[in-house]
There are 2 protein chains.
Amino acid sequence: MPEDRRRPTLDTLAAEVGVSRATVSNAYNRPDQLSEQLRERILRAAERLGYAGPDPVARSLATQRCGAVAVLTDTNLSTAFSDPALSITLDALSSAMDSEDHALLLLAGSAEGGPSPERVRRAQADVLVAYSLADDTPAMRAVAARGLPVVVIDSPMLAGAAMVGIDDRGGANLAAQHLLDHGHRRFAILADEIQPDQYRGPADAGRLAKIGYRVSAERFHGYRSALDAAGIGEVRTWEAGGIDATLGARGARWLLDQDPPPTALLCMTDHLAVGAAQAAAELGIQVPEELSIVGFDDSWLATQVAPRLTTIRQDLAAKGRTAGELAQRLLAGHQAGPPVQLPTELIIRESSGPAPHAQ
Amino acid sequence: MPEDRRRPTLDTLAAEVGVSRATVSNAYNRPDQLSEQLRERILRAAERLGYAGPDPVARSLATQRCGAVAVLTDTNLSTAFSDPALSITLDALSSAMDSEDHALLLLAGSAEGGPSPERVRRAQADVLVAYSLADDTPAMRAVAARGLPVVVIDSPMLAGAAMVGIDDRGGANLAAQHLLDHGHRRFAILADEIQPDQYRGPADAGRLAKIGYRVSAERFHGYRSALDAAGIGEVRTWEAGGIDATLGARGARWLLDQDPPPTALLCMTDHLAVGAAQAAAELGIQVPEELSIVGFDDSWLATQVAPRLTTIRQDLAAKGRTAGELAQRLLAGHQAGPPVQLPTELIIRESSGPAPHAQ
DNA sequence: TTGTATGCGTTATCAT
DNA sequence: ATGATAACGCATACAA
């Protein structure tokens, strides 16, 4: 077999069988448009020539559809993968989109935040899904420039994009209020990321004045609204720089080392809370007798640790599903509606309790 | 601004500025081919017209490159994501490929095993990476038909594809030999998946005669080679149907309920081993005093449980990195070399020990 | 049921 | 430095 140098195309096949390109195309895309036996002949010839079927890229150019939804994450691949919230959300997203029709194109972030603008510009996708990106990441400018339908999960805000998030502020408020109700007056806050700049350490008022992540900002201001209403002044805040439990432990060690130490610790994610609980255990501080901890997200971890975590629940699957539905709607040509905000809920478990008497 | 109905193209822009398409194209791709001021003028016009830059699909058609590597998994998205081995491998893979150049196109599996053949046919990618797929999944026929460079991780075998895996058979042999050396004679095996058919339960000789996953087959025969050499006959085997720890616990309960019960449990993954250890604890069976357990993979979990797991280590990052390098080589036009087989190593921890006296 | 003509938006080669 | 022209491989409206 002389095996031509170049890969066979529709034309090659058409010539071989002695029909037109259109007929071959129909053999693949509209079986009802030609006789069964002609189709058989064409498919057999394809097999013989090693023709793999219509080229996906050329097809995309002609149909103006890619069959892919791009997902942009803030972190690199392994960090993204290790975030259970991402898995749940994306799984729900992709099944809500009739996964037969759309593959997932992963654009993971680099050190500077989201994926590089160049990657965004070159992504072959029908929709862009931004997942918890920083507010001013360069990727978002590229996203807007693409002119594709955009769905934003959590953050950042983007005009013209469909959005789904949760009531972060309300949830955070619930968390703080829960501890206030228990008589706590000495608070500390363990934040994940405030600015996308790799900083880890105490967050001063300056940093907190311009929080780079909408979600962090909402949660912080949710805490503050409850604290302010209770007349509680400035509260020490540690920026962990990620959601790894060990980062949480590190922050907690510092916070618990302050004088006077806090009796109530507000953690912006469950992972941080777990780390904080470990740190407390190492320091011989009883939870919740001496220290109350409240997490956020009600992740899988929350019930796997002892004491089980009091936390704010959000429905990740619903968030992913909603994102998928919004994407479908955009794809169908509809305008983006107002942001969808899913509710949050306080889940009381064993990591929180009354403030110790000796205040 | 009259805002044309259709999106602007290179032509639109060329007409607007009064230059040719080629020049506009050069403005984006070869800045050195035109004067800085002309380029400026073009870019400004693009901004004004809302032209987002060259269309990625059309560019792909012209350049014959997609800028994406497709990864095919056997399971659905959330299962895939929750497998830490996948995260580590893919992360290493993508960074080994100069991630600036290639996005990750995720083709997750459905109920029947790998992704649907149709999805494979339509995937816009330069390379296909098959990750631990069943030997005869329909996806693999589509993979072969595409005629693209293919890298296989673990399984299945595919002629013409580059492959990287580990010495599963040797590792399994080590695991069994370790227990034999400790005097064990009553063995049981906890397998993850033997056939891609959702079956969960005892695996009889019939099922074990045609194992659908190369990795499972290798591990099983690795166990057997050591057992055979020691004159140990048939060994009860449970097929968990997945790598979830709860599936492992279920299988272990059945295996430990047999008469006589095994003193040595060979688990094909660490997750199953963790589940088995939990089941043993619930049944009041001491590990390792009454039951020795050996896992496989040396996953993150192995050191997180008590007792820490004796297991077979494989270097997942190296596997991913190798896969990436193989992909690069294929992309550069080289032929696939012989399969790369990474070594395994026995890691002895606390979950294994001498066989109890009362044999 | 089949074929013709045209469009999809680029890049690349070769002139000029 | 810039332009003309030919690929790239396919889908589709329309004609036959």
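Just so it is clear, the structure is predicted and the values come from calculations on it, not from any experiment.

## Quick look at the overall build of chain A
What chain A contains, in helices and strands, is 14 helices and 13 strands. Projecting the C-alpha coordinates of chain A onto the three principal axes gives extents of approximately 95 × 35 × 30 Å. Of all 359 residues assigned to chain A, the portion counted as buried reaches 54%. Partitioning the contacts of chain A with sequence separation of at least 6, the portion at a separation of at least 24 is 71%. In the form shown here, chain A has an accessible surface area of approximately 15900 Å², with 50% of it arising from carbon and sulfur atoms. Distance between charge centres in chain A, computed from 34 positive and 45 negative side chains, equals 6 Å.

## Considering a negative patch on the surface
The grouping of E112 of chain A together with D98, E100 and D101 of chain B at the surface amounts to a negative patch. Position of E100 of chain B among the secondary structure elements: in the loop between helix 6 (84–96) and strand 2 (103–107).

## Thoughts on the interface of chain B and chain A
In many reports, interface size means the accessible area that the parts give up when they come together. Taken together, the contacts link 37 residues of chain B with 36 residues of chain A. Contact between chain B and chain A buries roughly 3300 Å² in total, counting both sides, with carbon and sulfur atoms accounting for 59%. Here chain B and chain A share 0 salt bridges between them. The interface formed by chain B and chain A holds 9 residue pairs in polar contact (both at pLDDT 80 or more) in total. Where the side of chain B that touches chain A is concerned, the elements lending two or more residues are helix 4 (56–63), helix 5 (77–81), helix 6, strand 2, helix 7 (117–122) and helix 8 (138–146) of chain B. Here the residues of the side of chain B that touches chain A are counted per class, giving 19 nonpolar, 9 polar and 9 charged. By the bridge criterion, 3 bridges tie strand 2 (residues 103–107) of chain A to strand 2 of chain B in an arrangement that is antiparallel.

## Regarding the sheet that holds strand 5 (residues 162–166) of chain A
If you trace the 12 strands from one edge of the open sheet to the other, you get 12(A)-5(A)-4(A)-3(A)-1(A)-2(A)-2(B)-1(B)-3(B)-4(B)-5(B)-12(B), paired in mixed fashion. Looking at which strands have only one partner, the edges of the open sheet turn out to be strand 12 (340–342) of chain A together with strand 12 (340–342) of chain B. Averaged over all neighbouring strand pairs, the angle between strand axes comes to 20°, with direction disregarded. Here strand 1 (residues 68–73) of chain A runs beside strand 2 of chain A; their pairing, made up of 5 bridges, is parallel. Each bridged residue has a counterpart across the sheet, and for V71 of chain A the counterpart in strand 2 of chain A is L106 of chain A. Set on the sheet, helix 6 of chain B makes contact with strand 1 (68–73), strand 2, strand 3 (127–131) and strand 4 (150–153) of chain B; between it and strand 3 of chain B the angle comes to about 155°. Sheet strands touched by helix 14 (residues 316–331) of chain B: strand 3, strand 4, strand 5 (162–166) and strand 12 of chain B. Its angle to strand 5 of chain B, the strand with the most contacts, is close to 170°.

## Here's the deal with the packing of aromatic side chains
Under the counting rule described, the total for this entry stands at 5 aromatic pairs over all chains. Centre to centre, the rings of F81 of chain A and F81 of chain B are 4.5 Å apart; their planes meet at 35°, and the pair counts as tilted. Separated into two different chains, F81 of chain A in helix 5 (residues 77–82) and F81 of chain B in helix 5 make up a pair that spans both. Of the two residues examined, F81 of chain A and F81 of chain B, each falls in the buried class. Measuring from centroid to centroid gives 5.4 Å for W238 of chain B and W254 of chain B, while their planes differ by 40°, and the two rings are tilted. Of this pair, W238 of chain B sits in strand 8 (residues 236–239) while W254 of chain B sits in helix 12 (residues 245–256), and the two are 16 residues apart along the sequence. The buried category is assigned to W238 of chain B, whose relative accessible area is 6%. For the cation-ring pair, R219 of chain A lies above F296 of chain A, with the distance from its terminal atom to the ring centre recorded as 3.7 Å.

## A short note on the packing of helix 12 of chain B against helix 13 (residues 270–282) of chain B
Residues and elements named next belong to chain B. Closest axis-to-axis distance for the helix 12/helix 13 pair is 7 Å, and the angle between their directions is 55°. With respect to helix 13, the element helix 12 is oriented oblique. Like other packed secondary-structure pairs, helix 12 and helix 13 cross with a definite hand, here right-handed. Contact residues: A245, L247, G248, A249, A252, R253 and L256 in helix 12; H271, L272, G275, A276, A279, A280 and E282 in helix 13. Counted by class, the contact of helix 12 with helix 13 contains 9 nonpolar, 3 polar and 2 charged residues.

## A word on the UniProt feature "domain: HTH lacI-type" (unreviewed entry) in chain A
Residues annotated in UniProt with the feature "domain: HTH lacI-type" (unreviewed entry) correspond here to residues 8–63 of chain A. Along residues 8–63 of chain A the backbone is 70% helical and 0% strand, and the end-to-end C-alpha distance reaches 21 Å.

## Let's talk about the pattern of salt bridges
All names here are of chain A. The full count for this structure, using the stated rule, is 35 salt bridges over all chains. The partner of E16 in a salt bridge is R48, with the nearest N and O atoms 2.7 Å apart. Of this pair, E16 sits in helix 1 (residues 10–17) while R48 is found in helix 3 (residues 36–49), placing the two residues 32 residues apart along the sequence. Using a relative accessible area of 42% as the deciding quantity, one classes E16 as partly exposed.

## Considerations on the relation of the copies chain B and chain A
When chain B is fitted to chain A, the residual RMSD is 0.1 Å, and the transformation amounts to a turn of 180° plus an axial shift of 0.0 Å. As the rotation angle and translation indicate, the two copies are arranged about a two-fold axis. When C-alpha positions in chain B are compared against the rotation axis, the closest is assigned to L105 of chain B, at 2.2 Å. The residues that chain B uses at the interface reappear at the interface of chain A in 97% of cases, marking a shared surface.

Definitions and limits used
Residues numbered from 1 in each chain as written. Chains lettered and ligands numbered in written order. Predicted model: local features only at pLDDT ≥ 70, side-chain atom pairs only at ≥ 80, totals over all residues. Heavy atoms only, no water. Helix = DSSP H or I, 4+ residues; strand = E, 2+ residues; numbered from the N terminus. Buried < 20%, exposed > 50% of the residue type's maximum accessible area, 1.4 Å probe, protein only. Contact = heavy atoms within 4.5 Å. Areas by Shrake-Rupley, 256 points an atom, 1.4 Å probe, with all protein chains shown as cover. Lys, Arg positive; Asp, Glu negative; His and termini not counted. Charge placed at Lys NZ, Arg CZ, Asp CG, Glu CD. Patch = residues over 30% accessible without salt bridge, like charges linked within 9 Å, V, L, I, M, F, W, Y side chains within 5 Å. Salt bridge = Lys/Arg side-chain N within 4 Å of Asp/Glu carboxyl O. Buried area = accessible area lost by both parts, 1.4 Å probe. Polar contact = N/O pair within 3.5 Å; in protein donor to acceptor, adjacent residues only side chain to side chain. Nonpolar A, V, L, I, M, F, W, Y, C, P; charged D, E, K, R; others polar. Pairing = 2+ DSSP bridges. Axes fitted to C-alpha atoms, helices over the stretch in contact; angles between N-to-C directions. Phe/Tyr/Trp six-rings, centres within 6.5 Å; stacked < 30°, edge-to-face > 60°. Lys NZ or Arg CZ within 6 Å of the ring centre and 35° of its normal. Parallel < 35°, antiparallel > 145°, perpendicular 65-115°, else oblique. Left-handed = near helix turned anticlockwise from the far one by under 90°. UniProt positions renumbered as here; feature names shortened; annotations may be inferred. Least-squares fit on C-alpha atoms with pLDDT ≥ 70 in both.

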